[in-house]
Amino acid sequence: MLTIHHLGMSRSDRSIWLAEELGLQYELVTHTRNAETFRSPQSLWDVSPMGKAPVIEDKGQTIPESGAIVEYLLENYGEGRLRPAKGTPAYIDYLHWMHAAESTLMTPIFINMLSVMTASDAPGLKAFCDGEFKTVFTYMNNILGERDYIAGDFSGADIMVAFPLMMLESPLFAQAGDETGKAFLPYPAIQAYLNRLRARPAWSKAEAIFKA
């Protein structure tokens, strides 16, 4: 049986959500962060050589990295679901956002997160993040003003993109003075998109699991 290793406040949320979208049976193994260092416990290092989540075990294989796990699950269990057909314009959009989620989109969000967590007040970092947010979110807002999901129909790319967007809304990572859940007020199409994602039954079920 498919085993999903879950670590709180990590990208393993994506694996659980996708498994629920596909209706897969899986065993969930939950690991708890070190309260002082915020690092992974030894139990996760015993599974993954870098001690990172997500990591899954399936058919005698150990597969790390959330993007790779999304592609693996869709390839092996998707049966044509949640991924556009190859050779179509939608597939190019899908590829773009599958990779942009952990590069163009995640980079300023991660820098912003570290600044908040370390109580850093570096004007250069803030200026970089603010500029990147404006560029990326304006682009996304324009796209999502024309379609419901980032690559057309709901797909694995939405599961990839949703994580950093929802992370930015988290009270833990909000900049001082920011209102929780208000990060996308200037971008109504992105806010409506997140509302659509949160209304999905599989998201609700997955959220209850990884927040338990």
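The coordinates are above.
Described in the following lines is the structure provided in the data block.

Rules of the game
Residues numbered from 1 in each chain as written. Predicted model: local features only at pLDDT ≥ 70, side-chain atom pairs only at ≥ 80, totals over all residues. Heavy atoms only, no water. Pairing = 2+ DSSP bridges. Helix = DSSP H or I, 4+ residues; strand = E, 2+ residues; numbered from the N terminus. Axes fitted to C-alpha atoms, helices over the stretch in contact; angles between N-to-C directions. Phe/Tyr/Trp six-rings, centres within 6.5 Å; stacked < 30°, edge-to-face > 60°. Core = buried A, V, L, I, M, F, W, Y, C linked by side-chain atoms within 4.5 Å. Buried < 20%, exposed > 50% of the residue type's maximum accessible area, 1.4 Å probe, protein only. Contact = heavy atoms within 4.5 Å. Patch = residues over 30% accessible without salt bridge, like charges linked within 9 Å, V, L, I, M, F, W, Y side chains within 5 Å. Areas by Shrake-Rupley, 256 points an atom, 1.4 Å probe, with all protein chains shown as cover. Salt bridge = Lys/Arg side-chain N within 4 Å of Asp/Glu carboxyl O.

1. With respect to the sheet that holds strand E3 (residues 55-58)
Then step 1. With mixed pairing, four strands are arranged side by side in an open sheet as E2-E1-E3-E4. One side of each edge strand has no neighbouring strand; the edge strands of this open sheet are strand E2 (26-31) and strand E4 (61-64). Each strand of the sheet is rotated relative to its neighbour by a mean of 20°, with strand direction disregarded.
Then step 2. Taken together, the six bridges between strand E1 (residues 2-7) and E2 define a ladder with parallel strand orientation.

2. Notes on the packing of aromatic side chains
Then step 1. Across all of its chains, the model carries 10 aromatic pairs by this definition.
Then step 2. Taken together, a centroid distance of 6.0 Å and an interplanar angle of 45° make the contact between Trp17 and Phe154 tilted. Linking Trp17 in helix H1 (residues 12-22) with Phe154 in the loop between helix H6 (123-144) and helix H7 (156-169), this pair joins segments that are 137 residues apart in sequence.
Then step 3. An angle of 65° between the planes, with centres 5.7 Å apart, marks the rings of Phe137 and Tyr187 as edge-to-face. Of this pair, Phe137 sits in helix H6 while Tyr187 is found in the loop between H7 and helix H8 (188-198), placing the two residues 50 residues apart along the sequence.

3. Notes on the nonpolar core
Then step 1. Membership of the largest hydrophobic core comes to 59 residues, with the highest contact counts inside it found for Phe137, Met140 and Leu165.
Then step 2. With 10 residues, the top contributor of residues to this core is H7.
Then step 3. When near neighbours in sequence (up to four residues on either side) are disregarded, Leu165 contacts Leu105, Ile109, Phe137, Met140, Phe184, Ile190, Tyr193 and Leu194.

4. A look at the side chain of Thr3
Then step 1. Position of Thr3 among the secondary structure elements: in strand E1.
Then step 2. Residue classification places Thr3 among the buried residues on the basis of a relative accessible area of 8%.

5. What to know about a nonpolar patch on the surface
Then step 1. Residues Met9, Phe38 and Met117 make up a contiguous nonpolar surface patch of roughly 270 Å² in combined accessible area.
Then step 2. Locating Phe38 in the fold gives a position in the loop between E2 and helix H2 (42-45).

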